[in-house]
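Take a look at the letters that make up each chain.
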Amino acid sequence: MNFTQRECVILTHDTQTLYQHGTLALLVPGLLAGTQTVGELMHHGDTGIGTLTGLNGELIMRAGHVYQVNADGAVREVDADERVPFANVHFQDDHQVATLTGLDYAALCDQIAAAVGTQNIFYAVRLVGTFAHVQTRAVRGRTTPPFATLAATAATQSIFNAEHVEGTLSGYYSPALYGGATSPGFHLHFLSADRQFGGHVLDAQVGNATLFIQEFSDFQLHLPTTDASFRQEQFDTAQVLRDINQAEH
Ligand SMILES: [Zn+2]
């Protein structure tokens with residue numbers, strides 16, 4: 001391989017793969033230790049969502065920058081050496097599919113699903129524009145052990161509302177079939193254009209926004225194989241799905 005070919009390999013990102021560190025299931029019993037650095041995560045994508053050690057706040061990765069919305073509602077840029085227990089990222093190569101106007105959240109999800117036309121694949125959603133209303137939450141997680149369960153930690157969430165806000169709603173759709181490993185259905189985070197408001201989306205009313213979609217043929221699940229607590233955990237599958245549905249929707 002000569003230098004030019006090597007350079008070409010380095011510069012070509014895989015845009016077909018959705019990368020996930022950790023499973024959503026490991027958050028349920030409280031395996032909230034950060035097991036991958038944000039810097040390592042950025043080798044696998046420039047766009048995504050996640051959370052920090054202890055389920056502390058909501059992460060939004062955009063154009064290679066990572067922002068945290070904390071439980072006080074403050075937005076800050078995250079350092080490369082901070083850690084995540086769970087995150088999804090990909091290299092952005094999405095396509096404009098529609099302009100959406102005046103939709104509530106349920107109608108928005110229906111329109112996105114109709115635009116994609118199948119519920120059996122993973123895809124990234126990016127909706128850029130104005131929103132009449134956005135309701136988000138951010139979890140107040142402990143940043144050091146011992147960690148509580150997902151249900152107990154999620155109960156400490158703060159809820160925020162913004163009216164007439166410009167920004168981007170971004171995240172993923174995962175088929176229900178893979179719930180537990182992933183957050184089934186839509187998992188969307190918001191960040192305002194002025195980076196003053198954001199979080200995990202609970203509700204939204206679209207004003208006028210452009211929808212971009214990126215479908216993935218591949219899903220890469222990266223597990224924290226060196227984490228002793230994860231290795232020893234005996235997951236209760238039924239409990240995992242119950243708690244995920246309660247905490248994430
Ligand atoms: Zn979230």
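Per an unreviewed UniProt entry, the protein goes by Alpha-acetolactate decarboxylase and derives from Lacticaseibacillus thailandensis DSM 22698 = JCM 13996. UniProt's Pathway (unreviewed entry) comment on the protein is quoted here verbatim: "Polyol metabolism; (R,R)-butane-2,3-diol biosynthesis; (R,R)-butane-2,3-diol from pyruvate: step 2/3." Of the comments in the UniProt record for the protein, the one headed Catalytic activity (unreviewed entry) reads "(2S)-2-acetolactate + H(+) = (R)-acetoin + CO2".

Visitor: I'd like a description of the coordination of the zinc ion, backed by residues and values.
Guide: His187 (NE2), His189 (NE2) and His200 (ND1) make up the full set of protein donors to the zinc ion, lying at 2.1 Å. Sequence spacing among the residues donating to the zinc ion works out to H-x1-H-x10-H. Residue His187 is found in strand S12 (residues 185-192), and its partner His200 is found in strand S13 (residues 198-216); the two are separated by 13 residues along the sequence. In terms of burial, His187 and His200 fall into one category: buried.

Visitor: Which residues make up the sheet that holds strand S8 (residues 86-90), and what values do they have?
Guide: Strand-to-strand pairing in sheets goes through backbone hydrogen bonds, with the strands running parallel or antiparallel. The mixed open sheet is built from seven strands, whose spatial order is S6-S5-S4-S3-S8-S1-S14. With one partner strand each, in any of the chains shown, strand S6 (75-77) and strand S14 (218-222) form the two edges of the open sheet. In this sheet, adjacent strand axes meet at a mean angle of 20 degrees when their direction is disregarded. Taken together, the five bridges between strand S4 (residues 56-62) and strand S5 (residues 65-69) define a ladder with antiparallel strand orientation. Within S5, the position partnered with Leu59 by the bridge is Gln68.

Visitor: Could you give an account of the side chain of Gln214, with specific residues and numbers?
Guide: Checked against the element boundaries, Gln214 lands in strand S13. A distance of 2.9 Å separates a polar atom in the side chain of Gln214 from the backbone oxygen of Thr15. From its side chain, Gln214 meets the backbone oxygen of Phe91 in a polar contact 3.0 Å long. When residues no more than four places from it in sequence are discounted, the contact partners of Gln214 are Thr15, His90, Phe91, Gln92, Asp93, Asp94, Phe122, Tyr123 and Ala124.

Visitor: Go over the environment of Thr210, please, and point to the residues and values.
Guide: For Thr210, the location among the structural elements is in strand S13. Separated by 42 residues in sequence, Thr210 and Thr168 place their C-alpha atoms 9.6 Å apart. For Thr210, the residues in contact, after removing those within four places along its chain, are Gln96, Ala98, Thr99, Arg126, Leu127 and Val128.

The rules we used
- Residues numbered from 1 in each chain as written.
- Predicted model: local features only at pLDDT ≥ 70, side-chain atom pairs only at ≥ 80, totals over all residues.
- Heavy atoms only, no water.
- UniProt positions renumbered as here; feature names shortened; annotations may be inferred.
- Donors = N, O, S within 2.8 Å, 3.2 Å for Na, K, Ca; no water.
- Helix = DSSP H or I, 4+ residues; strand = E, 2+ residues; numbered from the N terminus.
- Buried < 20%, exposed > 50% of the residue type's maximum accessible area, 1.4 Å probe, protein only.
- Pairing = 2+ DSSP bridges.
- Axes fitted to C-alpha atoms, helices over the stretch in contact; angles between N-to-C directions.
- Polar contact = N/O pair within 3.5 Å; in protein donor to acceptor, adjacent residues only side chain to side chain.
- Contact = heavy atoms within 4.5 Å.

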